[in-house]
Amino acid sequence: MKIVHVASELYPYMKTGGLADAVAALVGALADHAHEVSVFLPGYRAVIEHGDAAGAERKLRLKIEMGDQFLSGDVRVFSPRKNLLVYLICREEFYDRRAPYGNGERDYEDNSDRFVFFCKGVVETLRLADVQADVVHCHDWQAALLPLLLREAERRHRVTLALKTVFTIHNIAYQGLFPATTFARTNLPDELYHIDGLEYYSQVNYMKGGILFADRVTTVSPRYAREIQTPEFGCGLDGVAQTRAEDIVGLLNGVDTSIWNPTVDALLPARYSRADLAGKAACRAELMKRCGFSVDFKGPVFGMICRFAEQKGVDLVLANRDFFLSQECRFVVLGTGDKRMEAEMRALAAEAPGKVSLAAKLDESMSHLIEAGCDFFVMPSLFEPCGLNQMYSQVYGTVPIVSRVGGLVDTVTDADEFPASGTGLMCEPNVASLRDALERALVLYGHPARYAAVQQRGMSRDFSWEVAAAGYETLYREAL
Ligand code: ADP
């Protein structure tokens, strides 16, 4: 099949979260299966400067209609591997920035224009380069206008640009909500600014467009596919999601085993496997050193890696600060985002510098070291479309402590509830239940044989993308 992916992140060129990992792993697996795969990405500074893009060929000049203006841009293309092309939609004014969505404090003011231009650039490239896609697969709100813009361009130019469109919701909490005046920049027919179109309480909602107008809609876990159709998790789009109930499927993300795999991980000081955990001890020692902890410490080490956002349950962890201060344990946190949460986490680390460590930055190699060097991984999300770190944890022999929401339910089994099959510890997303799970972790760690059994079961789980990619291939075939 000729498959075109459209996303605002792609590992290793631009990443703020799981979207980048998921899209990269999926396109890699599809390319491995000999499909002809392309990925469209905004031409961010980091991508242009990446070695892979050094020889990028300038493919097209673009003139994109945005309301009553025409804005220029260009399209560059490179091939990082067999069967895979990366197209960059470039316009310095929009994408020559360090971060993809905002400056850390708040989102860029021109995000609507940036991603409308991006989507239109994709449509123009498909048309002018005569790509003839079987499937155009769009990810999250930044690409959610594609299904509508494609059909509109096909009507206008009397061509077929894509046989089918697929829209994947990686996180329904981020919808691309903009003032009504931005609708004019889409140049879509006025009747689409309507309750059955892009209009959402007198604003424009791009994600709504993706959900309503793609041929198929997917979420990144089966549980989340059901959750987004409920008021509790639908973030106001539950009613819209319900209208597509028949066409929504949940396909669980996987782990890219060429990157997240302790037997080959080049970012670790030592490698290890289920059969020989000696390397894990070496990783632990290195982690303790980096955090300024005593290497001789024998008790449990807890880790946490996440965007500091309400979603990730950072406040539930902070509300349990006395656990980390009073118990014989260590706690390593890697994360940035919300400034208030960062300050409170920094204060916790300052209170017990020999026990709690915060690295408030994005650090890919540190994230691998934490997954490898810890005994428990803390992930008490309030909601979680899929979540990757709880899967990485299991693969790295680090027992995850997760809340019973979304993809966490689909990927972790509680070891107290199911002693013969458990791979982690589960709680409800509240302070007391997390506290209970943390206490249960201490008990588990105090029983080395039981801990080892839970760890071994986690390490033998198969989260590889083979399963997920096969699910998408079936979905594409059925749609076609
Ligand atoms: P989300 O996409 O909601 O942020 P996921 O669990 O799906 O959550 O994916 C998060 C990804 O981002 C993981 O690969 C995780 O290791 C990575 N990550 C998050 N924060 C950091 C950080 N500060 N440094 C390095 N990697 C991080």
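Residues numbered from 1 in each chain as written. Predicted model: local features only at pLDDT ≥ 70, side-chain atom pairs only at ≥ 80, totals over all residues. Heavy atoms only, no water.

Next up on the list: the sheet that holds strand 10 (residues 203-205). What the 3 strands build is an open sheet, ordered 8-10-9; its pairing is antiparallel. The open sheet terminates on both sides in strands that have one partner only, identified here as strand 8 (177-179) and strand 9 (199-200). With 3 bridges joining them, strand 8 and strand 10 adopt antiparallel strand pairing. Paired with Leu177 across the two strands is Asn205, which belongs to strand 10. Helix 6 (residues 206-213) contacts strand 8, strand 9 and strand 10 of the sheet and is inclined by roughly 50° relative to strand 10. (Pairing = 2+ DSSP bridges. Helix = DSSP H or I, 4+ residues; strand = E, 2+ residues; numbered from the N terminus. Contact = heavy atoms within 4.5 Å. Axes fitted to C-alpha atoms, helices over the stretch in contact; angles between N-to-C directions.)

The next subject is helix 9 (residues 278-291). In this model helix 9 runs 20 Å from its N-terminal to its C-terminal C-alpha over 14 residues, within 8% of the 20 Å that 1.5 Å per residue would give. Those residues of helix 9 not exposed but buried are Gly279, Lys280, Cys283, Arg284, Leu287, Met288 and Cys291. Lining the buried residues of helix 9 we find strand 13 (301-308), strand 14 (330-337), strand 15 (356-359), helix 13 (364-373), helix 16 (431-445) and helix 17 (448-459). (Expected span 1.5 Å × (residues − 1). Buried < 20%, exposed > 50% of the residue type's maximum accessible area, 1.4 Å probe, protein only.)

The subject of this paragraph is the domain arrangement of the protein chain. When the parts come together, some accessible area is lost, and that loss is often what is quoted as the size of the interface. As assigned here, the protein chain comprises domain 1 (2-254 + 466-479) and domain 2 (278-462). Taken over C-alpha atoms, the centre of domain 1 sits 33 Å from the centre of domain 2. Counting from both sides, the interface comprises 20 residues of domain 1 and, opposite them, 19 residues of domain 2. The contact between domain 1 and domain 2 buries some 1500 Å² in all, and 59% of this surface belongs to carbon and sulfur atoms. Counting across the interface, domain 1 meets domain 2 through 1 salt bridge. Among the salt bridges present, the one from Lys15 reaches Glu364, with a minimum N-O distance of 3.5 Å. On inspection of domain 1 and its partner domain 2, the count reaches 7 residue pairs in polar contact (both at pLDDT 80 or more). Among the secondary structure elements, those contributing two or more residues to the side of domain 1 that touches domain 2 are helix 1 (18-32) and helix 7 (222-227). (Domains from an automatic or database assignment. Buried area = accessible area lost by both parts, 1.4 Å probe. Salt bridge = Lys/Arg side-chain N within 4 Å of Asp/Glu carboxyl O. Polar contact = N/O pair within 3.5 Å; in protein donor to acceptor, adjacent residues only side chain to side chain.)

Our focus in this paragraph is the sheet that holds strand 14. As summarised here, the arrangement of the 6 strands in space is 15-14-13-16-17-18, forming an open sheet in which the pairing is parallel. Every other strand in the sheet has two partners, leaving strand 15 and strand 18 (425-427) as the edge strands with one partner each. Strand-to-strand twist across the sheet, computed as the mean angle between neighbouring axes with direction ignored, equals 20°. By the bridge criterion, 4 bridges tie strand 16 (residues 376-379) to strand 17 (residues 399-403) in an arrangement that is parallel. Along strand 17, the bridge assignment pairs Phe377 with Pro400.

The tendency in soluble globular proteins is for nonpolar side chains to be buried as a group. Within the largest apolar cluster, 95 residues are counted, with the highest numbers of intra-cluster contacts made by Val6, Leu10, Phe40, Val136, Leu146, Ile169 and Tyr476. Sort the elements by how many residues they give to this core and helix 1 lands first, with 10 residues. Setting aside residues no more than four positions away along its own chain, Val6 makes contact with Phe40, Phe118, Val122, Val136, His137, Cys138, His139, Ala143 and Leu146. Counting residues in hydrophobic clusters, the runner-up holds 38 residues, among them Val301, Ala372, Val395 and Val412. (Core = buried A, V, L, I, M, F, W, Y, C linked by side-chain atoms within 4.5 Å.)

Attention now moves to the pairing of strand 4 (residues 69-81). Relative to strand 4, strand 3 (residues 57-66) runs antiparallel, the two being bridged by 9 bridges. Bridge pairing links Leu62 to Gly73 in strand 4. The turn joining strand 3 and strand 4, which pair antiparallel and follow one another in sequence, is formed by 2 residues; a positive phi near 65° is taken by Gly67. Direction of pairing for strand 4 relative to strand 5 (residues 84-90): antiparallel, over a ladder of 6 bridges.

The environment of the ligand is made up of 20 residues, and the closest members are Lys15, Gly18, Arg307, Lys312 and Lys361. Between an oxygen atom of the ligand and a side-chain N or O atom of Lys312, the distance comes to 2.8 Å. Asp363 is positioned with one of its backbone polar atoms (N or O) 3.0 Å from a nitrogen atom of the ligand. Isolated, the ligand exposes 560 Å² of accessible area, and the fraction of that covered by the protein chains is 92%. For the shell around the ligand, the elements supplying multiple residues, two or more each, are helix 1, strand 13, strand 14 and helix 14 (389-395). Of all the elements, strand 13 adds the most residues to the shell around the ligand, at 3 residues. Residues belonging to the shell around the ligand are distributed by class as follows: 7 nonpolar, 7 polar and 6 charged. (Near = heavy atom within 4 Å. Areas by Shrake-Rupley, 256 points an atom, 1.4 Å probe, with all protein chains shown as cover. Nonpolar A, V, L, I, M, F, W, Y, C, P; charged D, E, K, R; others polar.)

Quick look at the pattern of salt bridges now. Two side chains bearing opposite charge may form a pair once their charged atoms approach each other closely. Overall, the coordinates contain 35 salt bridges when judged by the stated rule. Arg156 is paired through a salt bridge with Glu65; the nearest N and O atoms lie 3.4 Å apart. Placement of the pair is Arg156 in helix 5 (residues 146-157) and Glu65 in strand 3, with a sequence separation of 91 residues. For Asp375, the salt bridge is made with Arg284, and the minimal N-O distance between the two is 2.7 Å. Of this pair, Asp375 sits in the loop between helix 13 and strand 16 while Arg284 sits in helix 9; the two residues are 91 residues apart in sequence, bridging distant segments of the chain. You can call Asp375 buried: its relative accessible area is 8%. Taken together, the shared-partner salt bridges connect Asp414, Asp416, Asp436, Arg440 and Arg450 into one network.

The N-to-C vectors of helix 1 and helix 18 (residues 465-479) enclose an angle of 75°; their axes lie 9 Å apart at closest approach. Relative to helix 18, the element helix 1 is oriented roughly perpendicular. Between helix 1, through Ala22, Ala25, Leu26, Ala29 and Leu30, and helix 18, the contact on the second element is made entirely by Trp465, Ala469, Tyr472, Glu473 and Tyr476. Classifying every residue of the contact of helix 1 with helix 18 gives 9 nonpolar, no polar and 1 charged. (Parallel < 35°, antiparallel > 145°, perpendicular 65-115°, else oblique.)

The axes of two packed helices give the description: the angle between them and the distance between them. The contact between helix 9 and helix 13 brings their axes to 8 Å, and the two run at 125°. With respect to helix 13, the axis of helix 9 lies oblique. In the packing of helix 9 onto helix 13, the handedness of the crossing is left-handed. Residues Lys280, Cys283, Arg284, Glu286, Leu287, Arg290 and Cys291 of helix 9 lie in contact with helix 13, whose contacting residues are Met366, Leu369, Ile370, Glu371, Ala372 and Gly373. Across the contact of helix 9 with helix 13, the residue classes break down as 7 nonpolar, 1 polar and 5 charged. (Left-handed = near helix turned anticlockwise from the far one by under 90°.)

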